[in-house]
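Observations on the model geometry
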Amino acid sequence: EHMNTLEAKIRRLTQPVNGQFPRPWMTDMVNPEEARVFIVGQNQATGFPPALVGGHKVYIDALFNRNGRSCRQLYDAIRGPEGPSPTRKNIDALREALAHVGVHDVLETNVICYSTPMSSDLAHQAHQGGKEAGRAIFLAILEIIRPVALIAHGAGANKELARLLCTHLPSPPSRQADGVIRSRVDAQLGGVAYAPMIFAIPSLAPPKWNSWRGWAQTHLAEVCSEVRK
């Protein structure tokens, strides 16, 4: 029943907006509702135009990694010869670090599940309504899945999460010596208590990424072992 709720919601919330299918997540899980860890960014760069995806039914199959389709296959097909974005490569590396400590039930998402080349583009006329549509998707999946841990990368995602959960969240670390920054949240979500652990890390997206890439590997390994606990 639970799965049907998630899928029914996702079907409804991923109808095209401004010429793109909103992107709720990237995962290799067949049952995304069983995810226990979310990796959360602000919003993603690569848009999914319906003409390139091949229809909504195909899209839903890819999101749920079934009928021979997958999230990653779809992403790679749309990126084409350009290959994965720099941010995607960094998220892949974080996923590998999590897998290395035995954490596999991971969903990659964004506080705004709607694509623009840069987060600042969300304000443009061409993307009107995109932010609201994207926020509604994130709220829906958070309410249904309720992961025990969220790794929020970047100040934008951090701010948006704090707003959504009506709580204060510490800022991401600005240097290696700051160590792992996390905070247990006491929130209400859909009228039900929700107390996840939120890990704040600097952005995995350039240009911010470039300023901490030197200590990223060590830091992310520490974060992953804390997430595993």
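Below or above, wherever it landed, is the structure these notes cover. (Residues numbered from 1 in each chain as written. Predicted model: local features only at pLDDT ≥ 70, side-chain atom pairs only at ≥ 80, totals over all residues. Heavy atoms only, no water.)

**Some thoughts on the pattern of salt bridges**
Cut-off, in case you're wondering: By convention in these notes, a salt bridge is any Lys or Arg side-chain nitrogen within 4 Å of a carboxyl oxygen on Asp or Glu. To sort residues, take the accessible area from a 1.4 Å probe on protein chains only and compare it with the maximum for the residue type: under 20% means buried, over 50% means exposed, and anything in between is partly exposed. Going along the chain from the N terminus, every DSSP run of H or I of four or more residues is numbered as a helix, and every run of E of two or more is numbered as a strand.
Inspection of the entire model under this criterion finds 16 salt bridges. For Arg79, the salt bridge identified is with Glu82, shortest N-O distance 3.4 Å. Of the residues examined, Arg79 reaches a relative accessible area of 15% and is grouped as buried. A salt bridge links Glu160 to Arg135; the nearest nitrogen and oxygen atoms lie 2.3 Å apart. A residue pair is termed long-range when its members are at least 10 positions apart, and Glu160 in helix H7 (residues 155-164) and Arg135 in helix H6 (residues 130-145) qualify at 25 residues. Here Glu160 falls in the buried class, since its relative accessible area comes to 11%. Taking the relative accessible area as the measure of exposure, Arg135 reaches 25% and is therefore partly exposed.

**Thoughts on the nonpolar core**
Let me state the cut-off plainly: For this analysis, a nonpolar core means a set of buried residues of the types Ala, Val, Leu, Ile, Met, Phe, Trp, Tyr and Cys, connected via side-chain atoms within 4.5 Å. Between two residues, a contact is recorded if the distance between any of their heavy atoms is within 4.5 Å.
Core analysis: the largest hydrophobic core is formed by 46 residues, its most contacted members being Ile10, Trp25, Phe38, Phe138, Leu150, Leu161 and Leu165. Ignoring sequence-local partners within four residues, the contact set of Leu150 consists of Phe38, Val40, Phe138, Leu142, Leu161, Tyr194, Pro196, Met197, Ile198 and Phe199. Counting residues in each nonpolar core, the second largest holds 21 residues, with Leu98, Val103, Leu220 and Val227 among its members.

**Points about the packing of H6 against H7**
As a reminder of what qualifies: Between N-to-C directions, angles cover 0 to 180 degrees, with each direction set by a line fitted to C-alpha atoms, over the stretch in contact for helices. A crossing counts as left-handed when the near helix is turned anticlockwise from the far one by less than a right angle, and as right-handed when that turn is clockwise. Residues were grouped as follows: Ala, Val, Leu, Ile, Met, Phe, Trp, Tyr, Cys and Pro as nonpolar; Asp, Glu, Lys and Arg as charged; and all remaining residues, including Gly, as polar.
For the pair H6 and H7, the least separation of the axes is 12 Å and the interaxial angle reads 65°. Between H6 and H7 lies a crossing of right-handed hand. The residues of H7 that touch H6, namely those facing Arg135, Phe138, Leu139 and Leu142, are Glu160, Leu161, Arg163 and Leu164. For the contact of H6 with H7, the residue count by class is 5 nonpolar, no polar and 3 charged.

**Considerations on the state of the cysteines**
Note the threshold: For the purposes of this analysis, a disulfide is any pair of cysteine sulfur atoms at a distance within 2.5 Å.
All told, the structure shown has 0 disulfides when counted by the stated rule. Here Cys113 stays free of any disulfide, with the sulfur of Cys71 as its closest cysteine sulfur at 12 Å. We note that Cys166 lacks a disulfide partner, and the nearest cysteine sulfur, in Cys113, lies 18 Å from it.

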